[in-house]
Amino acid sequence: MEKHEKHLDVNLDGVVTDREGWASQLGLVLAMAGNAVGLGNFLRFPALAARNGGGTFMIPYFISLLLLGIPLMWIEWGIGRHGGKHGYSTSPGMFEVLWRNPLSKYLGALGVFIPLAFVIFYTYIESWTLGYAVLSFSGQMPSIAGQSPDQAFKTMGDFLGAYQGTNNGWPVSGSILAWVFLAITLFLNIFIISRGIAGGIERMAKIAMPLLIVFAIIVGIRVLSLPGAMGGIAFVWNPDFSQITNGATWLAAAGQIFFTLSLGTGSIETYASYLKENDDIVLTGLATSSMNEFCEVILGGSIAIPAATAFYGAGAATAIANSGTFNLGFQTMPAVFSGLPGGALFCGIWFTLLFFAGITSSLALSQPAMAFLQDEMRLSRQRAAMIVGVIVFVAVVPIVMFLQHGYLDEFDFWSGEFLLLVFALIETILFFWIFGGRRAFEEIKKGQQIPLPGFFYPIMKYVVPILISVILFKGTIDSLIPRMLSKKWVDLPGFSKATAAFGDRLMYEFGLAGRHLVSDPAIAEQSFLRWAARLEMIALAAIIMILTSIAWKKYGRGRAAEGAGV
Amino acid sequence: MTTLLATAALAVMLQSDAAAKRAVATTEMTTGGWVFMIAAWTFILVLVYYTFSKVLRGGR
């Protein structure tokens, strides 16, 4: 790849552009890996592995990586680079190049909406890691001296509640600290994206990713030196072969691969659009995936669960693994570190590495909106960054204020889970079925630095969309329907999942046997604010679609795609 | 792929070992646990080395 931070270029449609670009292939790989590596690598993966068969979880995990993760990543890189050579940095234009139909740009608008909605709530969570890092380094975290592990866990829970302002006795949450660190985090994000691709995002990735790895190694070594920590490693890795025939284990593995690689967000396409036509994407995509797996399996698997097991004992390992990502990261880990000599330092390092994992992801999630405003609305980089900052700030206010009423959870479900699968399915169908499977495969292979084996063609064309559809169907049954109806699944009397035959267990996982829906008062109570969150997201999506329509009419976007589709 | 196949074969061989030790699985690393961990770590480290050596050798 040539050095091309900013250059005048002639795209395939004969239009002279001054599109930005990556300064180096390594910088691109680190930025892409930064996009993929997030809080889930360190908190979600180890708990999921421990719950789903330990070492045996890695069999469906790696098979999913091979059949879903890496192929879908190449598909997204391919769409992005192909769109970039036609002058598009976001999916409305990219989709129109693939499918010459008036609807395509509106389907593509999802690829601007999803990352923007995602970054709105993600920035708030990221700000907690920054706040906790600063509080840890400055010795402001609560002391748990003399407390039992259970008391320590509760102390940290109360502290988190005070930080978020959810236990202030008021109907709205938020604390001064939470607002201050949110403002700082948002400012940092906006400042970096306003510096551009090479000068901002790439430079940040080159600093943050190596530091993240060094910090994770330091914390990992400290954790593994604790008495009893190997019990946690055993909990994560000891195989439970009964799980290998469990459909839920395979679905959990496929889901984890999908989400850990940040697929379906639209951000990979935008990053890849800054490549040149013959820049490699096969090797760089594989390098990105391998770095994400290094951070997830080797580093992530060696920190949180072993630390929790060392502190709480092996008997509590299951409860800890089931306690959820936030509890593990923001309650269990500070409690573990606060009981150690020099614990404040290690706690600070832990939250700093989480902050680096978070900010490299939020920068990637912000870039599609930035690119859309710059390329389609013809705004300057600084003005686009300012507008993205204002949108995120305005939209995050209700998330901060109604945190305990499910507002953030609603954003997380739609823009952080469900719509990612929908978008990934749409783009795969557009690229391999409408644009054309062979053309798409040849497009991915252009400039390859390592040969792409031919057996990936049927995987990309058939296996990837089928796997996404299965995960999407399960998500619809498991989460979407109960959520929309304010209900939850409970087991039917007399049905035992443990003793059921394989077929029944598989049906159970899809909610088609052994359980039924009952009213969920907790969700029902939050119904009004959950609908407010949904309306906020619908309004945001509508605005992006209207802007897309305006851009196409006002600036003639779309004409460049003439003749490019099938 | 080879690592995956080797892991699957070993999984079958170690099944009885894992079942017997399941009761203490949360306190001690079993042979199966070591096999899976070392196989997964090796697979990932080889992949990282292979891809990054090519990226860095490209010098771009």
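**A closer look at the overall build of chain A**
- The helix and strand inventory of chain A stands at 23 helices and 4 strands.
- Whereas a compact globule of 566 residues would reach a radius of gyration of roughly 24 Å, chain A reaches 23 Å, a difference of no more than 12%.
- Oriented by its inertia axes, the alpha-carbon framework of chain A measures out at about 70 × 55 × 50 Å.
- Each of the 566 residues in chain A was classed as buried or not, and the buried ones make up 57%.
- In chain A, the proportion of contacts linking residues at least 24 apart, taken out of those at least 6 apart, comes to 83%.

**Looking at the overall build of chain B**
- Each helix and strand in chain B was counted, giving 3 helices and 0 strands.
- Tracing chain B from N to C terminus, the helices and strands come up as α-α-α.
- When burial is assessed residue by residue, chain B has 33% of its 60 residues classed as buried.

**Section: the interface of chain B and chain A**
- Facing 30 residues of chain B, the contacting portion of chain A comprises 36 residues.
- Those elements that provide at least two residues to the side of chain B that touches chain A are helix H1 (2-13), helix H2 (15-21) and helix H3 (31-57) of chain B.
- Ranked by the residues each element gives to the side of chain B that touches chain A, the list is headed by H3(B), at 15 residues.

**Some thoughts on helix H23 (residues 527-554) of chain A**
Residues and elements named next belong to chain A.
- When the terminal C-alpha atoms of H23 are compared, their 40 Å separation across 28 residues agrees well with the 40 Å that a helix rising 1.5 Å per residue should span.
- If you check which residues of H23 are buried, you get Arg-530, Ala-533, Met-537, Ala-541, Ile-544, Thr-548 and Ala-551.
- The inward-facing, buried residues of H23 abut helix H4 (91-98), helix H5 (104-137), helix H16 (343-376) and helix H18 (407-434).
- Downstream of H23 by one or two residues, Gly-556 has phi in the positive range, about 70°.

**A closer look at the environment of Leu363(A)**
All names here are of chain A.
- Following the sequence through the fold, Leu-363 ends up in helix H16.
- With 27 C-beta atoms packed within 10 Å, Leu-363 lands in the buried category.
- Taking C-alpha positions, Leu-363 is 21 Å from Gly-87, a pair spaced 276 residues apart along the chain.
- When neighbours within four sequence positions are excluded, Leu-363 is seen to be in contact with Asn-189, Ile-192, Ile-193, Ile-201 and Met-204.

**Considerations on the packing of helix H15 (residues 325-338) of chain A against H16(A)**
Residues and elements named next belong to chain A.
- Viewed as axis vectors pointing N to C, H15 and H16 meet at an angle of 150°, and their least axial separation amounts to 8 Å. Between H15 and H16, the interaxial angle falls into the category roughly antiparallel. Residues Gly-329, Met-333, Pro-334, Phe-337 and Ser-338 of H15 form the contact with H16, whose participating residues are Gly-343, Phe-346, Cys-347, Trp-350 and Leu-354.
- Grouping the amino acids of the contact of H15 with H16 by side-chain chemistry returns 7 nonpolar, 3 polar and no charged.

**Concerning unusual backbone geometry**
Residue and element names in this part refer to chain A.
- A positive phi angle, close to 60°, is found at Arg-378, a residue other than glycine.
- When you line up the elements, Arg-378 lands in the loop between H16 and helix H17 (381-401).
- Owing to 13 C-beta atoms within 10 Å, Arg-378 belongs among the partly exposed residues under this scheme.
- You will see that Ser-486, though not glycine, has its phi angle at about 55°, which is positive.
- Mapped onto the fold, Ser-486 is located in the loop between helix H20 (456-485) and strand E3 (487-491).
- Looking at Ser-486, the number of C-beta atoms within 10 Å reads 17, which means it is partly exposed.

**Details of the nonpolar core**
- Of all hydrophobic cores here, the largest spans 198 residues; its most connected members are Ile120(A), Ala307(A), Trp350(A), Leu353(A), Ile399(A) and Phe411(A).
- Residues in contact with Ile399(A), not counting those within four places in the same chain, are Ile120(A), Phe121(A), Tyr124(A), Tyr407(A), Leu408(A) and Phe411(A).

**Quick notes on the environment of Glu269(A)**
Residues and elements named next belong to chain A.
- If you trace the backbone, Glu-269 turns up in helix H11 (residues 267-272).
- Here Glu-269 falls in the buried class, since 31 other C-beta atoms lie within 10 Å of it.
- On a C-alpha basis, the gap between Glu-269 and Trp-74 in space is 10.0 Å, while along the polypeptide they are 195 residues apart.
- The contact partners of Glu-269, leaving out residues within four places of it in the chain, are Glu-76, Ile-79, Gly-80, Gly-83, Ser-91, Met-94 and Gly-111.

**Thoughts on H5(A)**
Residue and element names in this part refer to chain A.
- With 34 residues, H5 should cover 50 Å at 1.5 Å per step; its first-to-last C-alpha distance of 50 Å lies within 8% of that length.
- Considering bend angle alone, the principal kink of H5 is centred on Ile-120 and spans about 30°.
- Extensive coverage of H5 is indicated by the burial of 31 of its 34 residues.
- Once H5 finishes, Gly-139 follows within two positions and takes phi at roughly 70°, a positive value.

Thresholds, definitions, all that
- Residues numbered from 1 in each chain as written.
- Chains lettered and ligands numbered in written order.
- Predicted model: local features only at pLDDT ≥ 70, side-chain atom pairs only at ≥ 80, totals over all residues.
- Helix = DSSP H or I, 4+ residues; strand = E, 2+ residues; numbered from the N terminus.
- Rg over C-alpha atoms; globule rule 2.2 N^0.38 Å.
- Buried ≥ 20, exposed ≤ 12 C-beta atoms within 10 Å, placed from the backbone.
- Contact = placed C-beta atoms within 7 Å.
- Expected span 1.5 Å × (residues − 1).
- Axes fitted to C-alpha atoms, helices over the stretch in contact; angles between N-to-C directions.
- Parallel < 35°, antiparallel > 145°, perpendicular 65-115°, else oblique.
- Nonpolar A, V, L, I, M, F, W, Y, C, P; charged D, E, K, R; others polar.
- Core = buried A, V, L, I, M, F, W, Y, C linked by C-beta atoms within 7 Å.
- Bend = angle between axes of the 7 residues up to and from the residue.

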